[in-house]
Amino acid sequence: MNALRRGKRATLWVGVVLVGFVVLVALVSLVWLPYPLDDTSGGRLSAPSPEHLLGTDRLGRDLLSQLMVGARIALVVGTGSVIIATIIGAAIGIIAAFAVSWIDDTISAFLDVAIAFPVLLTAMLIVALQPPSLGSAIVAIGLAMSAVVARITRILAQGVVGSQYVTAARTSGTRTLGIVRRHVIPNIAPTLAVTLALQFGAAVLAEASLSYLGLGAPPPNASWGRLLQEAQGTVQIAPMGAIAPGIALLVLVLGVNFVADGLREVADPTRTRRRAK
């Protein structure tokens, strides 16, 4: 059991380091870049060199500079999408948990239909209704993920609503908003945080996919997905153009998943005891 706990802690810290590295790169990009994004003086498809550590793209722009800006975009998209999904999804889930039976059933059926559609497909349909932009991508992904958050919130909140201490609170005259604030949110927050961490990684991948398809942040936004799309035609000549953003995506998503796995252990430490038996 102790070995399992140490393993989970190690996984959590590895995730924190990976995500922290991406966050650090994004913060540095706000104040310093090796080259401006519109600088095309590096020569087309140059190999990695002391002047351009990761080489240049087909227009002669420094790849490292674009990758650093891409880290900022990935974090903004992930954070913004999760915030939108949390606000909408948590509200719907809590309403369903407190609602009468037929309203709960109706909301549950609606969520089943919404979850049946993949996040990327739903986001594509939403983005198609307006011109591609970073803001529309964030809103689309957040709306697409809100159904998953709502479903998890509903299940967790129903467990709290049915508890004896909530019944006692109702008997004492505590209003619904007071029960939500004092009992529901504090009790579901740790487990819900795991879901939100996983949704963060899903949002990053969804934005990269949208940008790859030309539906995400338009130029000059250096999204990792757009970098992959631009590099697909020259991957045999300059493979670093595809390798670098691919590794960046892997590092961030893997780090977020490691953090989520560690948070899952913190939220439910009995998992370790059950596995050890």
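Scroll up a little and you will see the structure.
Residues numbered from 1 in each chain as written. Predicted model: local features only at pLDDT ≥ 70, side-chain atom pairs only at ≥ 80, totals over all residues. Heavy atoms only, no water.

Section: the pattern of salt bridges
Should their charged atoms come close, side chains of opposite charge can pair. Inclusion rule: Think of a salt bridge as a Lys or Arg side-chain nitrogen and an Asp or Glu carboxyl oxygen that are within 4 Å of each other. Each residue is placed in one exposure class: buried if its accessible area under a 1.4 Å probe, protein chains only, is under 20% of its type's maximum, exposed if it is over 50%, and partly exposed if it falls in between. Runs of H or I in DSSP of at least four residues are treated as helices and runs of E of at least two as strands, each being numbered from the N terminus.
Per the stated rule, a full pass over the model turns up five salt bridges. Asp57 is the salt-bridge partner of Arg61, the closest N and O atoms lying 2.7 Å from each other. Accessibility assignment for this pair places Arg61 and Asp57 in one class, buried. One salt bridge connects Asp104 with Arg154, and the closest N-O pair in it is separated by 2.7 Å. Residue Asp104 is located in helix H3 (residues 101-116), and its partner Arg154 is located in helix H5 (residues 134-161); the two are separated by 50 residues in the primary sequence. Three or more residues are tied together by salt bridges with common partners; here these are Asp57, Arg61, Arg226 and Glu230.

Focus on helix H8 (residues 224-231)
Taken across its eight residues, H8 has six buried, putting it largely inside the fold. Within H8, the full set of buried residues consists of Trp224, Gly225, Arg226, Leu227, Glu230 and Ala231.

Here we look at a nonpolar patch on the surface
Here is the rule: Exposure above 30% relative accessible area and the absence of a salt bridge qualify a residue for a patch, where like charges join within 9 Å and nonpolar side chains (Val, Leu, Ile, Met, Phe, Trp, Tyr) within 5 Å. For the accessible areas, the method is Shrake-Rupley and the probe is 1.4 Å, while residue cover comes only from the protein chains on display.
Together, Val23, Leu27, Leu30, Val31 and Trp32 give the surface a local cluster of nonpolar side chains, amounting to about 530 Å² of exposed area. For Val23, the position within the fold is in helix H1 (residues 2-31).

A look at the environment of Gln130
Relative to the assigned elements, Gln130 resides in the loop between helix H4 (119-127) and H5. On a C-alpha basis, the gap between Gln130 and Asp39 in space is 30 Å, while along the polypeptide they are 91 residues apart.

Comments concerning the nonpolar core
What counts, and what does not: To form a nonpolar core, buried Ala, Val, Leu, Ile, Met, Phe, Trp, Tyr and Cys residues must be joined to one another through side-chain atoms within 4.5 Å. What makes two residues a contact is simply this: any of their non-hydrogen atoms within 4.5 Å.
If you look at the biggest cluster of nonpolar residues, it comprises 54 residues, and the most contacted ones within it are Leu67, Ile141, Val184, Phe200, Val204, Trp224 and Leu252. Going through the elements one at a time, H1, helix H2 (63-98), H4, H5, helix H6 (164-171), helix H7 (176-212), H8 and helix H9 (240-267) are the ones with two or more residues in this core. With 14 residues, H2 is the single largest residue contributor to this core. Discounting chain neighbours no more than four positions away, the residues touching Ile141 are Val77, Ser81, Ala123, Ala203, Ala206, Glu207 and Leu210. Ile107, Leu111, Ala147 and Ala150 belong to the second largest nonpolar core, which has five residues in total.

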